[in-house]
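Structural overview
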Amino acid sequence: MPAGIETAIRALDQLGVGSGSTLLINGASGSVGSAAVQLAVVRGARVIGSASPANHEYLRLLGAQPVAYGEGLVERVRALAPHGVDVALDVAGSGVLPDLIALAGDPGHVVTIADFGGAQKYEVTFSSGDAGRAFHALAEIGELIESGRFSLAVAQTFPLAEIAEAHRVSEDGHLRGKLVLLVS
């Protein structure tokens with residue numbers, strides 16, 4: 001949990017997301033994406049999140065306006081934000097950086113955590129802990145969790161004795177939420 005939260009806050013800080021910003025998150029229903037949605041909403045941003053249609057209701061619950069990812073993304077986002085978005089965050093690495101640049105208007109308004117090659121090719125910021133960590137993230141998140149303004153979904157729990165099965169489930173990917181090992 002701390003790594004995903006730190007990653008989300010670091011990227012939001014790099015983008016300058018705050019009150020009045022319109023943010024597009026590519027891959028909004030995953031671990032980092034759903035953290036970024038909630039944290040951006042708390043900051044007062046309007047969030048548009050791309051995900052599969054099966055995850056659209058989940059994104060609405062987090063406070064985002066969902067759009068389907070894939071071909072036609074630019075048109076779907078422009079239907080919600082006719083003049084584009086202020087900034088965009090790519091957490092999925094699905095080759096979408098040219099679309100995000102088109103919507104945000106400039107490579108400097110886009111951050112990716114998942115497409116290193118694309119970041120180099122399109123002159124987009126690649127966010128990694130190597131450039132500095134958002135150490136303030138964990139101090140901030142406690143209050144948000146306690147107040148009910150932030151949560152992470154739990155996909156499934158496993159007794160510690162079933163750690164191999166938990167690992168197999170994690171390899172399948174596309175989970176909404178974390179896998180939790182129960183120690184007691």
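Quantities reported herein were computed from a predicted structural model and do not represent experimental measurements. (Residues numbered from 1 in each chain as written. Predicted model: local features only at pLDDT ≥ 70, side-chain atom pairs only at ≥ 80, totals over all residues. Heavy atoms only, no water.)

A look at the pattern of salt bridges
The full count for this structure, using the stated rule, is 4 salt bridges. D13 is the partner of R43 in a salt bridge, and the nearest nitrogen-oxygen pair spans 2.5 Å. Here D13 lies in helix 1 (residues 2–15) and R43 lies in the loop between helix 2 (31–42) and strand 2 (46–51), a separation of 30 residues in the sequence. A salt bridge links R60 to E57, with the nearest nitrogen and oxygen atoms 3.4 Å apart. Linking R60 with E57, this pair stays in helix 3 (residues 56–62), spanning 3 residues, or about one helical turn. (Salt bridge = Lys/Arg side-chain N within 4 Å of Asp/Glu carboxyl O. Helix = DSSP H or I, 4+ residues; strand = E, 2+ residues; numbered from the N terminus.)

What about the packing of aromatic side chains?
In this structure the tally under the stated criterion is 1 aromatic pair. Judged by centre distance (5.2 Å) and plane angle (85 degrees), the ring pair of F116 and F126 falls under edge-to-face. With F116 in helix 6 (residues 116–122) and F126 in strand 6 (residues 125–126), the pair connects residues that are 10 residues apart, well separated along the chain. What makes F126 partly exposed here is its relative accessible area of 27%. (Phe/Tyr/Trp six-rings, centres within 6.5 Å; stacked < 30°, edge-to-face > 60°. Buried < 20%, exposed > 50% of the residue type's maximum accessible area, 1.4 Å probe, protein only.)

Here's the deal with the side chain of S127
Relative to the helices and strands, S127 is located in the loop between strand 6 and helix 7 (137–146). Among the polar contacts listed, one links the side chain of S127 to the side chain of R10, at a separation of 2.7 Å. Reaching out from S127, the side chain makes a polar contact with the side chain of Q14 at a distance of 2.6 Å. (Polar contact = N/O pair within 3.5 Å; in protein donor to acceptor, adjacent residues only side chain to side chain.)

Observations concerning the sheet that holds strand 1 (residues 22–26)
If you trace the 6 strands from one edge of the open sheet to the other, you get 3-2-1-4-5-6, paired in parallel fashion. The open sheet is flanked by strand 3 (65–68) and strand 6, the only strands paired with a single partner. Pairing geometry for strand 5 (residues 110–112) and strand 6, over 2 bridges, is parallel. Of the residues in strand 6, the one forming a bridge with T112 is F126. Contacts between helix 5 (residues 97–104) and the sheet are confined to strand 1, strand 4 (87–90) and strand 5, with strand 4 contributing the most and set at about 165 degrees to the helix. (Pairing = 2+ DSSP bridges. Contact = heavy atoms within 4.5 Å. Axes fitted to C-alpha atoms, helices over the stretch in contact; angles between N-to-C directions.)

Notes on the side chain of T7
With respect to the secondary-structure elements, T7 resides in helix 1. Ignoring any residue separated from it by four or fewer positions in sequence, one finds T7 in contact with V32 and I113.

Details of the nonpolar core
In terms of nonpolar packing, the biggest core is built from 30 residues, with V17, L23, I25, V37, L39 and L89 touching the most fellow members. Contributing elements (two or more residues each) for this core: helix 1, strand 1, helix 2, strand 2, helix 3, strand 4 and helix 7. If we skip the residues at most four places from it in the chain, L89 touches A11, L15, L23, L24, I25, N26, A36, L100, V111 and I113. V74, V85, I101 and V110 belong to the second-largest nonpolar core, a separate cluster that totals 18 residues. (Core = buried A, V, L, I, M, F, W, Y, C linked by side-chain atoms within 4.5 Å.)

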